[in-house]
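# Descriptive analysis of the structure
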Amino acid sequence: QVQLVESGGGLVQAGGSLRLSCAASGRTFSNYGMGWFRQAPGKEREFVAAIDWTGGSTFHVDSVKGRFTISRDNDKNTVYLQMNSLKPEDTAVYYCAANSNRIATPRAAYYDYWGQGTQVTVSS
């Protein structure tokens with residue numbers, strides 16, 4: 001059982017940067033693999049990045065490779081998504097999620113817990 005709260009979203013111009021945070025509470029944070037997903041209006045939920053329970057393995061969707069980086073700090077019970085070189089097509093609600101299998105996976109069905117989401121808007 002874990003509760004997740006995202007923060008750090010907002011408005012930014014194309015080419016700018018944002019850093020999203022997901023603070024976890026409840027059971028031991030290090031027992032979970034973590035992921036970031038996003039959903040734009042009229043589109044289905046899309047995988048963005050994932051990290052395993054130790055932070056030793058990460059996986060990013062092709063569209064954000066070289067621009068976004070997922071990381072975690074288990075001492076602070078927090079996972080991050082550093083977003084650089086933002087594009088208008090990155091505009092979406094971003095959600096963090098936790099899976100009790102402890103793996104870095106793009107499959108939404110593996111995730112047991114979800115945050116409420118934070119809005120990211122990138123202007124042209």
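For the structure, see preceding data.
First things first, this report covers the structure right here in the doc.

So, how was this worked out
- Residues numbered from 1 in each chain as written.
- Predicted model: local features only at pLDDT ≥ 70, side-chain atom pairs only at ≥ 80, totals over all residues.
- Heavy atoms only, no water.
- Buried < 20%, exposed > 50% of the residue type's maximum accessible area, 1.4 Å probe, protein only.
- Pairing = 2+ DSSP bridges.
- Helix = DSSP H or I, 4+ residues; strand = E, 2+ residues; numbered from the N terminus.
- Axes fitted to C-alpha atoms, helices over the stretch in contact; angles between N-to-C directions.
- Disulfide = S-S within 2.5 Å.

## Looking at unusual backbone geometry
Residue Ser85 is not a glycine yet carries a positive backbone phi of 50°. Notably, Arg102 is not glycine yet its phi reads approximately 75°, a positive angle. For Arg102, a relative accessible area of 40% gives the class partly exposed.

## A few points about the sheet that holds strand β8 (residues 78-83)
Spatial ordering of the open sheet is given by β1-β3-β8-β7, a layout of four strands whose pairing is antiparallel. This sheet does not close on itself; its edge strands, each paired only once, are β1 (2-7) and β7 (68-73). Here the strands of the sheet are splayed against their neighbours by 15° on average, with no regard to which way each runs.

## Description of the state of the cysteines
A covalent bond between the sulfur atoms of two cysteines is what we call a disulfide. One pass over the structure, following the stated rule, counts one disulfide. Sulfur-sulfur distance for the disulfide between Cys22 and Cys96 comes to 2.0 Å. Between Cys22 and Cys96, the disulfide has an S-S torsion of 50° and is therefore right-handed. Pair noted here: Cys22 is in strand β3 (residues 18-26) and Cys96 is in strand β9 (residues 92-99), with a separation of 74 residues, a long-range link. Neither residue differs from the other here; Cys22 and Cys96 are each classed as buried.

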